[in-house]
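Analysis of the macromolecular model
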Amino acid sequence: MTVNIDDVNEVLLPRRYQEEIFARAQASNVIAALDTGSGKTYISTLLIKWISVRDAGLGKIMVFLVPKVALVDQQGDFIAKQTTLRVSKCCGATAIEMTDRVGWKKEIEGADVLVMTAQIFLNILTHSHWSLDRVSLMVFDECHHTRKNHAYNGIMREYFQTPVHSRPKIFGMTASPIWNPKDAVESLATLERNLDAKVIAVRQHVEELMGHSPKPEELIHEYAAPPDSYPSYTTSLWERLNLTKLPPGIDMPIENIRTRYEVTYSSLGPFGAELYLYTEIRQRIIQMVNQATGVDMEYLGINLSEKDNDDRMHSGVVDVQLPPEIQALDLVLSDYRNYFEDDENPDVVPVAVNPKWCSPKVQELIDILFAHYSTEFQGIVFVEQRHVAACLSKMLPRVRHLSHLIKSGQLIGHGANNVSKSQVRGMALRTQQDVVRLFREREINLLIATSVAEEGLDFPACDLVIRFDPLQHMVGYLQSRGRARHKTSKFVIMVQQGLATHMARYKAFSESEPHLREVYQKRDTQALGAAEEEEEERDDPADLAERERYVVPSTGAVLTYNSAIGLLNHLCSLIPHDKYTPVHLPQYHGEFVSTVQLPSSLPLPIKHLIHTGPSKRSKKEAKRAVAFLAVKRLHSLEVFDDYLLPAQSASGGDNEDADGRPIQDVSEVPSVMDVQVRDPWTRGKVQWLHVVYIDGRPTAGLVTGTLLPPVDLVANGIFVSTGEGRQVDFDAGDEWRQRRLMEDFMRMGLWWCITGRGITLPLTCYLVPITRTLQIDYAAAERSVLHPFGTYDWGGIGEENYHRTLVMFNRELGRPLLLRKIRTDISPMSVPPPGARESVFPTYRDYWLHKYSRKGVPPDVPKDGPCIEATSYSRHTSCAYALDNGEGETNAAPAPVSVVFPQGMCRWAALSEEMYKTFRVLPELCHRITDVYRAHIARMELGLPPMTDDLFVQALTLPGANAGFNNQRLETLGDSVLKLSTVVHLFNKFPHRHEGQLDMLRRNCVSNRTLLARAKEHGLEHYLTSEPQSMRMWRYTVPPNVDASDPVPHRVAPKSYPRRSLQDCMEATLGASFITGGIGMALRAGTALGLSFGGPLPWPARYGARLPKTAVSSLFLPLQEKLGYNFHNGQLLLEAVTHPSFGAADCSSYQRLEFLGDALIDLVVMRYLFVKFPRATSGQLSWARSRAVCGPALASAAVKHLGLHKLLLVNNVELSVAIGKYVPVLEAISNEDIINNAWKQDPPKAISDVLESVLGAVLVDSDYNFEKASAIAELALEDLLVVLSPDLPRDPVSELMIWAAQSGCRKISFRKSQSRPEIKRNDSISVIVHDIPVVKPIMAPNLSLAKGLAAERARIVLDDSTSDYHLEKICKCREDNAAQKAATEAVEKDEARPFDDETNEGFAALSQIRHSER
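All values reported here derive from a predicted model rather than from experimental measurement.

What counts, and where the lines are drawn
Residues numbered from 1 in each chain as written. Predicted model: local features only at pLDDT ≥ 70, side-chain atom pairs only at ≥ 80, totals over all residues. Heavy atoms only, no water. Helix = DSSP H or I, 4+ residues; strand = E, 2+ residues; numbered from the N terminus. Buried < 20%, exposed > 50% of the residue type's maximum accessible area, 1.4 Å probe, protein only. Areas by Shrake-Rupley, 256 points an atom, 1.4 Å probe, with all protein chains shown as cover. Pairing = 2+ DSSP bridges. Axes fitted to C-alpha atoms, helices over the stretch in contact; angles between N-to-C directions. Contact = heavy atoms within 4.5 Å. Lys, Arg positive; Asp, Glu negative; His and termini not counted. Salt bridge = Lys/Arg side-chain N within 4 Å of Asp/Glu carboxyl O. Polar contact = N/O pair within 3.5 Å; in protein donor to acceptor, adjacent residues only side chain to side chain. Expected span 1.5 Å × (residues − 1). Core = buried A, V, L, I, M, F, W, Y, C linked by side-chain atoms within 4.5 Å. Phe/Tyr/Trp six-rings, centres within 6.5 Å; stacked < 30°, edge-to-face > 60°. Lys NZ or Arg CZ within 6 Å of the ring centre and 35° of its normal.

This paragraph deals with the overall build of the protein. Scanning the protein from N- to C-terminus turns up 48 helices and 34 strands. For the protein, buried positions account for 56% of its 1414 residues. When the accessible surface of the protein is totalled, it reaches about 59,900 Å², and 51% of it is carbon and sulfur.

See the structure below:
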């Protein structure tokens, strides 16, 4: 619809035909079918003013919807000029962010009329900024777009979900109500159904209408076919460029360029083709330059036509090192610059265009323009392609015949998002409006336009409209012809001589138009009575008497005839759909007996998708009745829950899991828990002796009040093990003394070998000497404890004691030494040998006097007597050990250094070599025993399956213990086990729920809250290991609050750790069970822990043999061969390749199988990584997995390995086109590149979805044989898996965060912004460091990519020591301890929350997390 605002008087008076349409629009919802220029917008303003008076005070708004951005200002300005109402204009470029609820509330409540693009209004409804019951009128401009997946249709779907009495009035406007002339009646009926309105035409004032909307004279102009050559045009840029010789590594689509060049050559001739070629290659070189320099491509695309930018970019080619082949191309282009670029006027070429350089088609166009030119001339030339429009617009003003007559401009669509995706970028919105304004103001008199000019935009009536390229559809014919609406206007159709099909298509459009118009005009007249009867239809009393009412017994929810249709609509609206699939709705058929067909995407058997209701006396009642019946049946199938809402989870919502078991409230669980952890070390009436073996020889006994499990380990290169325990038989009359001896001996051994300090609390375990009969050697213990700190009596020490006796110099208490020999050959007065540490003094004694004097008091060093030579014997205070019986994380001991001390000042310990060596490994031994004991007791008390000790120990060990191993790797694996085990259960338990519902169930079942609740229910916190590895303070003592004399064993120890550790241990336990016994053991473990796994029964026994064997189509034979698997159920494979858009009545879409396959792939990839990289950290495993399971990587495997894009069943042109465009990209990109740089790719999600669904189908078809399905999935992903490694490069955002954490900077953030001040939508990302924008706003097709590009640039700038923004020059964070503390506290908070990287605190917290995960 077009209106020239400047031609409008202050007050327009309606014509009689406009009043006629207005009157009918007042009575009902109508679609005004009037020609372009007949004043439809004015009729809408009459309706707007009438509604504003009728609904005054109701708080409702009116919405004027347009299909194109450029129409928002145009129509909004017209309404504002014609009414006194408050008019607000919104489109994608200027609209408020959808997250800004306050902003939208203010915007809507501050307006009477909202003029906006349809998608914006649909978003407003979707996000509940406003509702249709608060809208009094919706005007649909160019309403013939209300079809398929257009936003108009989306709005109307919301409309149909609104109660009838609350729906707004509908007024549609179009010049072409019939889209498909081959089936005009159905096309018209579809439009009416979609808009809930009747198409009407002028009945009474037809002559007046024809007088104001005259039809132009239509002329056919034929032109000759293009010649094979143009002798007058001798240059050849194509030959000079020689693009076919470019090496494969150059990113330039040669074949595509060649095709467009040849098409342009045929259409425009050699000069036009070479103008296109010059522009195309030059823009691609500029693109490469800016990629090399980091200049944003979106910014480049927007400003490509501006002269100052253009010069800057051109000069940039010289400054950047490009491949020599590209430099050669640029050099060739420079030779042609004077032919194709005019620095003074970029809108035209710099040379005069000889008509002989042009095709016969262009020559005919030149003749037409010259013949029809007048002083007031204005015309439009419609072409199909943007680059043709651009070339023609530059050429025509430079043709000699037209140079003083024509001032042309190009008007093309917005086009692709950047230069890399379009050969000539489309126009920005403001540029479009500028061109329209110049045309309206007659600054230019000829538009070369694509279909963007066919409808809506405000143009003056044109003298001449030319269809340069063949007509493609009826709407284009009518809309473009409508631009020629003077009585003397001409509408010229250009047709090549001999192309009968083009001529036939035009004649078909021309001849069918009167018949099409007659269809809706006659239909309107004939339908009048019926329509009025429909409006007056009343509910039949008999129908009302027969109505049922269903009350859900458990909740009291009520189902009625009036609510049933809305409930069905709501259910269908929740079915997941991608941007290529329209919102799902039930379809009703029949009149007095109605049948409702539910969308095939609902996972129901066909018999439950189609419901037929009882016979009723009115059509509406029949529709209500069948909806009531359908909802009632679906409730019995649990598709609706007991509240008659679409079932998302069990009736308890988030407070119950998928099986209806309550999930306790964990909000009161403190972030750091104080827990009594199971501990074997205890006193008590009964004590148990466990023989300790060193390298197979019994050396000592370990005594405590618990029967300990036998263990073995390697500590410091020594193999240590313990035997079965046996009860200690104390002597009845000597028990107290024997217990005292064990206590004193243990304290002595700890002081000499481990702690070097006294222990005040009673001990809970004892390492004691044993006899040859493996009993406690109390006599040896008694001899030792006579001198617990050693004795000066050296009488019994001889050579047999060398290298096996611990000694200590009394001036270095706490530093044990190992005796090497007694030196009778020297005395304290001896002269130290050269090089000895004492050699700087005359005698040993002088050295000792100097070294050990304290506060001027010298030690009492004898002058005579022998000396001893000894080596240092370092205490062993670490209890870390290796699970694989390796050396653990121990530091290599330094080479022993010999020292000399006077014998008279040294004591020796009565500890045998076997005992002090056993004491040396006691910390590791006690640690290992504690770990195994907790694992065993947890298995027994929690009912867990028999996981291997090492794996379960690992699963129970927290990272804070610093044990050299922890549960993080197993937790990462267990997360995938949890996901698949839950998904398989949900998939089978709820066969009638779609992917969206299943996903919500899964999220609830695997959430941290649920895991924490289940862990608390089962007491998992009592088995976790969090103790540090240092034993400088001996930990195996009686707690201060426990009575040491209590004969009852006290087998717990107080510990503290974060509550988030519990959910990690839950997942780690699943990982441990999976590694031990596969998915079967994982099911048993998960069931024991209360998880929603459906029980411990293996999947094949539980779900196997359900599907009948059916034939597999030959279409899938190559796929089966590539998979190495033959399907038993062909229907399952068909479902796996069916996109939701296909809409097959007898086959569901792949969405449920995709849900299953996603979880399968996740576990397959994680297990592969876990096994292949045993030393990889949890963070490395997670990152590698994310690279393999991301959409681009899976899409690559789907295309290159399995060719699934060829099998995908799609019924959506846009999706098919998108897939077709991206397949070559995926085929060309290497596996390494897709893994390392997947963040740069954005293929249609359907490609990766179908891979997931096919592998999900394999799992189901194999009777849930996980190992078989896993092997097939691993084969399908083989090309990706081999590329994975723990050291994959991070994406730029992660790299920047990790680097920031390493650098200590905590004042970095991202900032969204708008690229142009006139828009209200964020479309750019910048990087802010200490309030300085170190990277200015960068744009990209989406904000995620923009963030990656900005982070990439920031990392370079901040690390460049020559840059003004070098981090060390602007960052002072290392001096700010408060900021560090805040970031640490944020990370340590238990509950996971989405940190905001647009704040300094959020970025710092995320950086810390990423750094810890490396």
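On we go.
Here we come to the sheet that holds strand β9 (residues 379-382). Spatially, β8-β13-β12-β9-β11-β10 is the arrangement adopted by the six strands of the open sheet, whose pairing is parallel. Either end of the sheet is taken by a strand with one partner, and the two such strands are β8 (217-223) and β10 (408-411). The sheet shows a mean angle of 20° between the axes of neighbouring strands, taken without regard to direction. Taken together, the four bridges between β9 and strand β12 (residues 464-467) define a ladder with parallel strand orientation. From the neighbouring strand, F382 faces β12, where its bridge partner is R467. Taken strand by strand, helix α16 (residues 386-395) contacts β10 and β11 (446-449), and its axis lies near 170° from that of β10.

Next up on the list: the side chain of R1102. If you trace the backbone, R1102 turns up in helix α33 (residues 1099-1103). For R1102, which is buried and forms no salt bridge, the nearest opposite charge comes from D659, at a distance of 8.3 Å. Here Y1103 takes part through its side chain, which lies 3.0 Å from a polar atom of the side chain of R1102. Not counting residues up to four positions away in its chain, the partners in contact with R1102 are L1083, F1093, G1094, G1095, P1096 and L1097.

Right, let's get into the environment of S187. Secondary-structure assignment places S187 in helix α7 (residues 184-195). For S187, a relative accessible area of 13% gives the class buried. Once the C-alpha coordinates of S187 and P177 are considered, the two residues, 10 residues apart in sequence, prove to be 8.1 Å apart. For S187, the residues in contact, after removing those within four places along its chain, are P177, I178, W179 and N180.

Right, let's talk about helix α29 (residues 968-989) for a bit. The end-to-end C-alpha distance of α29 is 31 Å, a good match for the 32 Å that 22 residues give at a rise of 1.5 Å each. Extensive coverage of α29 is indicated by the burial of 19 of its 22 residues.

A separate point is the nonpolar core. In this structure, M746, L922, L1020, W1034 and L1123 are the most contacted members of the largest nonpolar core, which totals 191 residues. In terms of residues, this core owes the most to one element, helix α27 (residues 913-942), which gives 14 residues. Beyond its immediate sequence surroundings of up to four residues, L1020 is in contact with L942, L956, A1015, L1062, C1065 and M1066. Judged by nonpolar contacts, the second largest core, of 62 residues, contains L246, A273, V362 and V492.

What the rule picks out here adds up to 58 salt bridges. The shortest N-O distance in the salt bridge between R282 and E341 comes to 3.1 Å. Here E341 lies in the loop between α14 (324-340) and α15 (360-372) and R282 lies in helix α11 (residues 270-293), a separation of 59 residues in the sequence. The class for R282 is buried, based on a relative accessible area of 7%. Residue class for E341 comes out buried when judged on its relative accessible area of 16%.

Of note in this structure, D695 is not a glycine but carries a positive phi near 50°. Positive phi is not limited to glycine here, since N962 has a value of about 55°.

Secondary-structure assignment places L944 in the loop between α27 and α28 (949-956). As a C-alpha pair, L944 and S1073 span 129 residues in sequence and 8.9 Å in three-dimensional space. Every residue in contact with L944, bar those within four places of it in the chain, is listed here: A938, R939, F952, T1069, A1085, A1088 and L1089.

Bringing the pairing of strand β27 (residues 817-823) into the picture now. Burial analysis of β27 places five of its seven residues in the buried class, the great majority of the element. Where β27 meets strand β28 (residues 867-872), six bridges bridge the pair, whose relative direction is antiparallel. Looking at β28, one finds that L819 is bridged to A870.

This paragraph deals with helix α31 (residues 1008-1018). Of the positions making up α31, those classed as buried are T1010, L1011, L1012, A1013, R1014 and A1015. Elements that come into contact with the buried residues of α31 comprise α29, α30 (995-1006) and α32 (1060-1088). Two residues or fewer after α31 comes G1019, characterised by a positive phi angle close to 70°.

On to the packing of aromatic side chains, then. In this description, an aromatic ring pair is defined by two values, namely the gap between the centres and the angle between the planes. In the structure shown here, the tally under the stated rule is 30 aromatic pairs. Between Y233 and F271 the ring centres are 6.4 Å apart and the planes differ by 85°, which places this aromatic pair in the edge-to-face class. Of this pair, Y233 sits in the loop between β8 and α9 (237-241) while F271 sits in helix α11; the two residues are 38 residues apart in sequence, bridging distant segments of the chain. One exposure class covers both Y233 and F271, and it is buried. Both rings, one in Y373 and one in F377, keep their centres 5.8 Å apart while their planes meet at 50°; by these two values the pair is tilted. A residue is classified by how much of its surface remains accessible, and Y373, at 29% relative accessible area, is partly exposed. Judged by relative accessible area, which is 3%, F377 ranks as buried. These aromatic residues form a ring-pair network of at least three members: Y233, F271, Y278, Y336, Y339, F340 and W357. Lying across the ring of W751, R875 places its NZ or CZ 6.0 Å from the centre.

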